[in-house]
Structure formats: structure tokens, C-alpha cells
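A structural walkthrough
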Amino acid sequence: MQNFKIYFDEYREFNLKNTKSLMGVRGLYFILIKRIEIFYPFRKSRLIYIGMSEKKTNSIGKRLSNHYDGISGNEGLVNYRKKEDLYFTYINFEMLKKIWKYRIEDLESYFILDFVKNYGVYPICNNKTGFEIKNYDVLVNLEIDWKYFEKEEKV
């Protein structure tokens, strides 16, 4: 089994201007709170949502703008945005194609289940579970840098 470390790019402020450059990009995206840490059962994190874009027509940029506008129907994200400064980062699926031989939906499942393994529950604003990937014998181990979301933002 091959091991790969997954690191995240610097996060951006969650606003419509910052989502425009991601129109047409497929991959995973991660929404986090700037200052508040969520007390998950195993440890704290500022990460509140893991999402994906499987098609260029429903790209990361489109999905994020739908979350921002409330069109996605995720009340948790809408309400956190009303009260807190939110940020996001993403992983372009094209960058992982050489090491990830499965569907993008399975990659999202892998990330969500790995988050559960490390924090004890799903991210607070995720409504779906990540069981699909359990149907495969995954031949790669992704070491995800979850500590990235634990670093406290200095104001």
C-alpha cells in the first residue's frame, strides 16, 4: 500500500469574490471558522464542513457560492456565516488523479471517514455519511493534515 501526505493550501475568506476563480474546478473543499474551535469528541477543530464538486458544471466555485447564498439548503453553514468569519480551502481533484484511482465521491467519503476516525464524529455541518468508500479495498493510504484546521487564527 502506498502512503501519501495531503496538505492544504492557505485558506481564503469565504466570500463570492474568492469563489469565482474556482468555477470549473472539480475537487474537495473545506469550510472552517476563523476563531472558534468546535469541541469534537476526540479533539478540537475549526473545520465545519467537507464538500465536493464532481462536475465542472457544478464546480467548487459554484458549490461554494451556493453555500454562501444559502441555495444549497445547508442551514448550519448559513447560520455560522451570519455569526462568524468563515474561510475555505480546497483540493483540486486533477492533482490527485495519479494517486487516487477511484471516484471523487469516494475521495470525499475517505476524507469524511478519516475525519471521524480522528475527531469522533462528522464535521458539524455535514449532513451525509461517508460509507461508500467502505465497499472498496483502497490500495492507497492518505495521511491528511487535519492539524491544519486546529491552528488558531491570530487576530
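Above this text sits the structure in question.
To keep things clear, this report deals only with the structure shown in the data block. Source: prediction; values computed, not measured.

Reading guide: rules and limits
Residues numbered from 1 in each chain as written. Predicted model: local features only at pLDDT ≥ 70, side-chain atom pairs only at ≥ 80, totals over all residues. Heavy atoms only, no water. Helix = DSSP H or I, 4+ residues; strand = E, 2+ residues; numbered from the N terminus. Rg over C-alpha atoms; globule rule 2.2 N^0.38 Å. Areas by Shrake-Rupley, 256 points an atom, 1.4 Å probe, with all protein chains shown as cover. Lys, Arg positive; Asp, Glu negative; His and termini not counted. Charge placed at Lys NZ, Arg CZ, Asp CG, Glu CD. Phe/Tyr/Trp six-rings, centres within 6.5 Å; stacked < 30°, edge-to-face > 60°. Buried < 20%, exposed > 50% of the residue type's maximum accessible area, 1.4 Å probe, protein only. 1 Å grid on protein atoms, 1.4 Å probe; cavity = no way out; pocket = protein on both sides within 12 Å on 5 of 7 lines; lining within 4 Å. Points joined across faces, edges and corners; volume = space filled by probe spheres on them. Nonpolar A, V, L, I, M, F, W, Y, C, P; charged D, E, K, R; others polar. Expected span 1.5 Å × (residues − 1). Contact = heavy atoms within 4.5 Å. Salt bridge = Lys/Arg side-chain N within 4 Å of Asp/Glu carboxyl O.

Concerning the overall build of the protein chain
A tally of regular secondary structure across the protein chain gives four helices and eight strands. Along its sequence from the N terminus, the protein chain presents helices and strands in the succession β-β-α-β-β-β-β-α-α-β-α-β. A compact globule built from 155 residues should have a C-alpha radius of gyration of about 15 Å, and the protein chain, at 15 Å, falls within 12% of that. Its C-alpha atoms put the protein chain at 45 × 35 × 25 Å along the principal axes. Approximately 8500 Å² of the protein chain is accessible, and the part contributed by carbon and sulfur atoms is 49%. Treating the 27 positive side-chain charges of the protein chain as one cloud and the 21 negative ones as another, the clouds have centres 2 Å apart.

Thoughts on the packing of aromatic side chains
All told, the structure shown has 20 aromatic pairs when counted by the stated rule. Arranged with centres 5.9 Å apart and planes meeting at 35°, the rings of Phe30 and Phe149 form a pair that is tilted. Of this pair, Phe30 sits in strand β3 (residues 27-33) while Phe149 sits in the segment after β8 (140-144), and the two are 119 residues apart along the sequence. There is no split in this pair, since Phe30 and Phe149 are both buried. Each ring, one from Phe115 and one from Tyr119, has its centre 4.3 Å from the other, and the planes form 15°; the classification is stacked. Of this pair, Phe115 and Tyr119 both sit in helix α4 (residues 104-119), four residues apart, which is roughly one turn of that helix.

Considering the layout of surface pockets
Remark: the empty space left among the atoms is shown by a probe the size of a water molecule rolled over them. Quantified by volume, the second largest pocket comes out at close to 160 Å³. Taken together, Ile6, Tyr7, Phe8, Asp9, Tyr90, Ile91, Asn92, Met95 and Leu96 form the lining of the second largest pocket. Take the lining of the second largest pocket: its biggest share by element is three residues, from strand β7 (residues 86-92). Taken together, the residues that form the lining of the second largest pocket break down as seven nonpolar, one polar and one charged.

Description of α4
Relative to the 22 Å expected for 16 residues at 1.5 Å per residue, α4 spans 22 Å between its end C-alpha atoms, a close match to the ideal helical length. Counting buried positions along α4 yields twelve of 16 residues, so the element is predominantly enclosed. The complete set of buried residues in α4 reads Ile104, Asp106, Leu107, Glu108, Ser109, Tyr110, Phe111, Ile112, Leu113, Asp114, Phe115 and Tyr119. Looking at the buried positions of α4, the neighbouring elements they touch are β1 (2-6), β3, β5 (44-45), β6 (47-53), β7 and β8. Count one or two residues on from α4 and you reach Gly120, which has phi positive near 95°.

Concerning the environment of Tyr87
Structurally, Tyr87 can be placed in strand β7. Residues Tyr87 and Ile71, spaced 16 residues apart in sequence, show a C-alpha to C-alpha distance of 18 Å. Ignoring any residue separated from it by four or fewer positions in sequence, one finds Tyr87 in contact with Tyr11, Arg12, Glu13, Phe14, Phe30, Ile31, Leu32 and Lys34.

A look at the pattern of salt bridges
All told, the structure shown has eight salt bridges when counted by the stated rule. In this structure, Arg26 engages Glu94 in a salt bridge whose closest nitrogen and oxygen atoms are separated by 3.4 Å. One end of the pair, Arg26, is in the loop between α1 (16-19) and β3; the other, Glu94, is in the loop between β7 and α4, with 68 residues separating them in the sequence. Judged by its relative accessible area of 41%, Glu94 is partly exposed. A salt bridge links Glu94 to Lys97; its shortest N-O distance comes to 3.5 Å.

All quantities given are derived from atomic positions and should not be read as evidence of function.
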